[in-house]
Amino acid sequence: MARAIRGSLFFFLDDPGADHNPVGSYQYFEDGILVLTDDGHIADIGSATNMQSRYGLANRDIIDHSGKLIVPGFIDTHTHYPQSEIIAAYGHQLIQWLDKYAFPAEAKFYDKHYARTISRFFLSELLRNGTTTALIFGSVHKVSAEALFEEAEKLNMRIIGGKIMMDRNAPQHLLDTPETAYSDSKALIETWHNKRGRISYAVTPRFAATSSSEQLQAAQRLYHAYDDMYLQTHVSENQHEIAWIKQLFPSSKSYLNVYNDFGLVGPRSIFAHGIHLTDDEFKLLADKNAAIAFCPTSNLFLGSGLFNFDQACLINVRLTLGTDIGAGTSFSLLKTMAEAYKVVQLQSNSASASKKKTPLTPFKTFYMATLGAARALYLEDKIGTLQPGKEGDFIVLNPDATPLLNFRMRKTLSLADRLFTLMMLADDRAIDAVYLMGKRWQNSEAYS
Ligand code: GUN
Ligand code: ZN
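Residues numbered from 1 in each chain as written. Chains lettered and ligands numbered in written order. Predicted model: local features only at pLDDT ≥ 70, side-chain atom pairs only at ≥ 80, totals over all residues. Heavy atoms only, no water.

Caption draft 1: Just the coordination of the zinc ion (ligand 2), in detail. Each protein donor to the zinc ion (ligand 2) is listed here as His78 (NE2), His80 (NE2), His234 (NE2) and Asp324 (OD); together their distances run 2.0 to 2.4 Å. Because the angles between the 4 donor atoms bound to the zinc ion (ligand 2) fall within 90 to 166°, the donor set is best described as irregular. All donors of the zinc ion (ligand 2) belong to a single chain; written as a sequence motif, their spacing is H-x1-H-x153-H-x89-D. You can see His78 sitting in strand 5 (residues 74–80) and its partner His234 sitting in strand 10 (residues 230–235), a full 156 residues away along the chain. Both residues of the pair, His78 and His234, belong to the buried class. (Donors = N, O, S within 2.8 Å, 3.2 Å for Na, K, Ca; no water. Tetrahedral: all angles 85-135°; square planar, octahedral: opposite > 155°, others 65-115°. Helix = DSSP H or I, 4+ residues; strand = E, 2+ residues; numbered from the N terminus. Buried < 20%, exposed > 50% of the residue type's maximum accessible area, 1.4 Å probe, protein only.)

In structure tokens:
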């Protein structure tokens, strides 16, 4: 008998844009049933009445989440697992924060046993927060990526990750070379990329300041040598960083152009932050089908600046959300959505604004965390919606998870209202269940 899941079903078919009532861009079944294939894909969806009669479902065939909202698992497009232990580290902005907190934390990941322990903690935090897919940085050590991939494979979780490439401007014990970065990344790619579990590889030069030209050339060779290869890095996060990049690469036209000069801007390349990008840089990203991971909790925490969502939308750049652990302050994409909204609010009312700015609607925000991210990662044939044929990665949101949510939800009328209330007030407490390839995930992680 097919397994069936009942609840309110909600997912996108297309980008809702800035429309406050984007009917046609999403599907919603107030009382719906999702039927799974034996191998954990979505077989069918529809209203409960239709599906019960189509499949002759008896109550015992149905896992009942009535009254809850079932959505595709969230997709976090920028995060660093070795930085789990430095979340909420006080007092510095980007460059000092890297020196004081990030590099010492990452230095521990030469030890595979330690990397495995933190991988398990990190992946269970993602899942506890409703994130079923993430694009993840390791440390410079090859074993950091191996440990992460092995743990994700055990969970049958769809992740993309890579070992950082970093051959200058960091402590000596954290440096690789263009040659070792190339050979270690290549070995990881050949073992893991679209080969084992649901793992894909991302070539991961940390940022232009910590890679020599020779190393960026090595990244270019890897990015172009393999089918469907990803590339992840940082761009234009902090003004001091931008000035530094100008000194290091005086002949490049801009920060993003450093990457472009090495052929690293293209499909499946995801650039974190992009806070201070010029219009030309946004256009380059859009033309090359690259994406920006907007990481609001990190941008606020490090005091990096306010991402120009309006301009990114006008220029039609692919936009996704990232938690950016450990500069980001939450594993929850719901909390990340709330901070994204506030970042846009801070820029939407300026007296100097001569025109109305693009609003960040609750629909757009949920889109960016699901189908929008799947599209940016070229994975929309696999994840990001609840359509038949997709992998059964979905989560159950409890709109009554806390007294305040329950109280506020009773005053909400529209779907937009309910989504907005969830993104502003909910967190991990509202994630009632998480399904990976149709199987309910049980948290067995007890970190001590
Ligand atoms: N830029 C280069 N490395 C990092 C990092 O680890 N975190 C953040 N937020 N920005 C970076
Ligand atoms: Zn980052």
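Caption draft 2: Representation of the pairing of strand 4 (residues 62–72) in the model. Here strand 1 (residues 3–12) pairs with strand 4 via 5 bridges, running parallel. Its bridge partner lying in strand 4, Ile5 is registered against Ile63. Relative to strand 14 (residues 394–397), strand 4 is paired through 4 bridges, and the arrangement is antiparallel. Bridge pairing links Pro72 to Phe394 in strand 14. (Pairing = 2+ DSSP bridges.)

Caption draft 3: Main features of the site of ligand 1. In the vicinity of ligand 1, the contacting residues are His80, Gln83, Leu94, Trp97, Leu98, Arg206, Phe207, His234, Glu237, His273, Asp324 and Ala327. A distance of 2.9 Å is found between an oxygen atom of ligand 1 and a side-chain nitrogen or oxygen belonging to Gln83. Here a nitrogen atom of ligand 1 sits 2.9 Å away from a polar atom, N or O, in the side chain of Asp324. Protein contact buries 100% of the 280 Å² of open area that ligand 1 shows by itself. Judged by its atoms lying within 2 Å of the grid points, ligand 1 is housed in the largest cavity. In terms of residues, the shell around ligand 1 owes the most to one element, helix 2 (residues 94–106), which gives 3 residues. Across the shell around ligand 1, the residue classes tally to 5 nonpolar, 4 polar and 3 charged. (Near = heavy atom within 4 Å. Polar contact = N/O pair within 3.5 Å; in protein donor to acceptor, adjacent residues only side chain to side chain. Areas by Shrake-Rupley, 256 points an atom, 1.4 Å probe, with all protein chains shown as cover. 1 Å grid on protein atoms, 1.4 Å probe; cavity = no way out; pocket = protein on both sides within 12 Å on 5 of 7 lines; lining within 4 Å. Sits in = over half its atoms within 2 Å of the grid points. Nonpolar A, V, L, I, M, F, W, Y, C, P; charged D, E, K, R; others polar.)

Caption draft 4: Up close: empty space enclosed by the protein. Scanning the entire structure with this criterion turns up 4 cavities of 30 Å³ or more. The calculated volume of the largest cavity comes to roughly 100 Å³. Around the largest cavity sit His80, Gln83, Leu94, Trp97, Leu98, Arg206, Phe207, His234, Glu237, His273, Asp324 and Ala327, which together line it. A class-by-class count of the residues in the lining of the largest cavity yields 5 nonpolar, 4 polar and 3 charged. Lining the second largest cavity, in full, are Pro72, Gly73, Ile75, Thr132, Lys382, Ile383, Gly384, Thr385, Glu391 and Asp393. Of the residues in the lining of the second largest cavity, the class split is 3 nonpolar, 4 polar and 3 charged. (Points joined across faces, edges and corners; volume = space filled by probe spheres on them.)

Caption draft 5: Inspection of the sheet that holds strand 16 (residues 439–440) at higher detail. Spatially, 7 strands are ordered 3-2-1-4-14-15-16 in an open sheet, and the strand pairing comes out mixed. Since the sheet does not close on itself, it has two edges, and those belong to strand 3 (42–47) and strand 16, each with one partner. Relative to strand 2 (residues 26–36), strand 1 runs antiparallel, the two being bridged by 9 bridges. Each bridged residue has a counterpart across the sheet, and for Arg6 the counterpart in strand 2 is Ile33. Running at roughly 130° to strand 3, helix 1 (residues 48–55) makes contact with strand 1, strand 2, strand 3 and strand 4 of the sheet. (Contact = heavy atoms within 4.5 Å. Axes fitted to C-alpha atoms, helices over the stretch in contact; angles between N-to-C directions.)

Caption draft 6: Structural view of the pairing of strand 12 (residues 291–294). Covered by surrounding structure in strand 12 are Ala291 and Ala293 together with Ile292 and Phe294, the residues of both alternating faces. Strand direction decides the pairing type here: strand 11 (residues 269–273) and strand 12, joined by 3 bridges, are parallel. Looking at strand 12, one finds that Phe271 is bridged to Ile292. Handedness of the strand 11-helix 9 (residues 279–287)-strand 12 crossover: right-handed. By the bridge criterion, 4 bridges tie strand 12 to strand 13 (residues 318–321) in an arrangement that is parallel. Each bridged residue has a counterpart across the sheet, and for Ile292 the counterpart in strand 13 is Leu319. (Right-handed = clockwise from strand over helix to strand, strands pointing away.)

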